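Here is how the chains run, residue by residue.
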Amino acid sequence: MTLRHRRTISAALATTLAGGALAGALLSAPAANADAWRDKEYWLKESGVTNAWQVSKGAGVKVAIIDSGVDGSHPDLKGVVVGGTDVSGAGAPNGQKSIGAKTEHGTLVATMLAGRGHTTPTPPPSASASASPAPTPPTPTTPPAGGPDGITGVAPEAEILAISTWLGSPNPGGKTDQEQIPEAVRWAVDNGAKVINISLGSTSPDWPQSWDAAFLYAEQKDVVIVAAAGNRVGGNVQVGAPATIPGVLTVAGLDGEGRASVDSSSQGISIGVAAPAEKLVGGIPGGSYAEWAGTSGSAPIVSGVAALIRSKWPEMSATQVINRIVSTAKDAGAPGKDPIYGYGILNAEAALKNDVPTTSTNPLGSIADWIRVHRRGDFSEPSQAPVASPTSAAPTLADPTVPVAKAPATVDEALPAAVVIGFGALFVALVAGAAIQLRRVLKNPPAVPEEAETGALLKVDPTARK
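What you are looking at is a predicted structure, and each value in this text was computed from that prediction instead of being measured. (Residues numbered from 1 in each chain as written. Predicted model: local features only at pLDDT ≥ 70, side-chain atom pairs only at ≥ 80, totals over all residues. Heavy atoms only, no water.)

Visitor: Got a minute to help me understand the sheet that holds strand E9 (residues 195-198) in this structure?
Guide: Across a sheet, strands are paired by hydrogen bonds formed along the backbone, either parallel or antiparallel in direction. Strands sit in the order E5-E8-E4-E9-E10-E11-E12 across an open sheet of 7 strands; the sheet is parallel. Whereas interior strands pair on both sides, the edge strands pair on one side only; in this sheet they are strand E5 (81-86) and strand E12 (271-276). Between one strand axis and the next, the sheet turns by 25 degrees as a mean value, whatever way the strands run. Pairing between strand E4 (residues 62-67) and E9: 3 bridges, direction parallel. Counterpart to Ile65 in the pairing with E9 is Asn197. (Pairing = 2+ DSSP bridges. Helix = DSSP H or I, 4+ residues; strand = E, 2+ residues; numbered from the N terminus. Axes fitted to C-alpha atoms, helices over the stretch in contact; angles between N-to-C directions.)

Next comes the structure, spelled out in structure tokens:
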């Protein structure tokens, strides 16, 4: 199948990020009522969510969204955002200021995950031609949260913790990616999140060691972490971090026909399940709506299902929640687990209704086991250098340093020939090692989360934007 490249025509979204330019285009859309956007949420039925609501709607579960901030004033998010923070140094203390390279990203994710919709106020009656005075209209009151219009999320009774990060462009707050992500994960765990959604991706499977302790902390505190696999059209042919971290539930993308998306997905052995990634809709800051695509939207669908499960069975472990989602998925692609669909296509109804054998092992691995093997059992918190005082931090991790080789001893020093030859060989080895290291760095760029790799706007409703 030919890759369908999309290109942005919006100056606001034209920022080129490491690993690839923004995929998709911001196009004008005809005027649309909020309930028309509700009608476009095909995945609620096709992924079994509406039937899963017979069991649970996510009440009592906090889901942390580590993203570009969430506009809690959006009509479909009234009463949904119950807490938050900023880890970038450039956002609002409550995490509700939209920041970064794609300011709308976090609100799109939040509405798809836990939107409650709203009720559109009834317009006042037209003036009567009668000479009699019109009755005084009642004092308007604020309608209750929720309603038949707008976007309803997969877990419409769940609550959101908004954690704003600045990723994808130089951060005026001066904090780097490797500082923001672990701080965000730890804050989410410490503030009661039972599920963490990370719709951010990178072009490298590796992650900085500074992330180890935070993801281990979440695992030890029994928190489900869901991450987007990334998009081919955004430069992610292979799954990138943090979706490669063991124990994380990684979500691949499907097209409108339920097949692996050519544009809006990637592949890798860490994929756990696949969910819709094309023809998605969600809310954007200012009370408007948009069509978009990418595994950024697939992840909150799965995070929402995790919230439904944790609401139904509050004592169920994170391992059991993940196992219930992947073991009830509908097998697709090659028989069994494969690098395109993972264990299969999400089936929310089966995840909430089927009998699933218990297990004590996360089918997607354990960060604790990985650290024990690959970090030689070092579970200590990595030391971090103090944040420098420049006005902005580039969205890249620090390049590894290359040791400087000392020149070998010369013959004039009257050293034995064997010593001279030995120093010469050492010099050659150091130069060769430096060359190999540089090639490795160029071939595997640092793991830098970027919203553009996992989702892109396609269409907005200009009449509703404020």
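Visitor: Mind showing me how you'd approach the environment of Gly150 here?
Guide: Of note, Gly150 is situated in strand E7 (residues 149-152). Residue classification places Gly150 among the buried residues on the basis of a relative accessible area of 0%. Sequence separation between Gly150 and Tyr289 is 139 residues, and the spatial gap between their C-alpha atoms is 8.3 Å. (Buried < 20%, exposed > 50% of the residue type's maximum accessible area, 1.4 Å probe, protein only.)

Visitor: Quick question: what am I supposed to make of the pattern of salt bridges here?
Guide: Pairing between side chains becomes possible if they bear opposite charge and their charged atoms approach one another. Summed over the entire model, instances satisfying the criterion amount to 9 salt bridges. Between Glu41 and Arg38 there is a salt bridge, with its nearest N and O atoms 3.8 Å apart. A salt bridge links Lys40 to Glu291; the nearest nitrogen and oxygen atoms lie 2.9 Å apart. Of this pair, Lys40 sits in the loop between helix H1 (34-38) and helix H2 (43-46) while Glu291 sits in strand E14 (residues 288-293), placing them 251 residues apart in sequence. You can call Lys40 partly exposed: its relative accessible area is 32%. The buried category is assigned to Glu291, whose relative accessible area is 17%. (Salt bridge = Lys/Arg side-chain N within 4 Å of Asp/Glu carboxyl O.)

Visitor: Honestly, the packing of helix H5 (residues 177-190) against helix H6 (residues 212-220) in this entry has me stumped. Any pointers?
Guide: Packed helix pairs are characterised by how far apart their axes lie and by the angle those axes make with each other. Following both chains from N to C, one finds H5 and H6 inclined at 20 degrees, their axes separated by 8 Å at the closest point. Looking at the two axes, H5 sits roughly parallel to H6. By crossing handedness, the relation of H5 to H6 is classed as left-handed. Across from Ile181, Pro182, Val185, Arg186, Val189 and Asp190 in H5, the residues of H6 making contact are Ala213, Ala214, Phe215, Tyr217 and Ala218. Looking at the contact of H5 with H6 residue by residue, the classes come out as 9 nonpolar, no polar and 2 charged. (Parallel < 35°, antiparallel > 145°, perpendicular 65-115°, else oblique. Left-handed = near helix turned anticlockwise from the far one by under 90°. Contact = heavy atoms within 4.5 Å. Nonpolar A, V, L, I, M, F, W, Y, C, P; charged D, E, K, R; others polar.)

Visitor: Teacher, can you tell me more about the nonpolar core here?
Guide: Soluble globular proteins: nonpolar side chains tend toward being buried together. In terms of nonpolar packing, the biggest core is built from 61 residues, with Leu249, Val302, Val305 and Ile325 touching the most fellow members. For this core, the element with the most residues is helix H7 (residues 295-312), which contributes 8 residues. The next biggest cluster of nonpolar side chains, apart from the first, holds 40 residues, and it includes Ala188, Ile198, Phe215 and Ile271. (Core = buried A, V, L, I, M, F, W, Y, C linked by side-chain atoms within 4.5 Å.)

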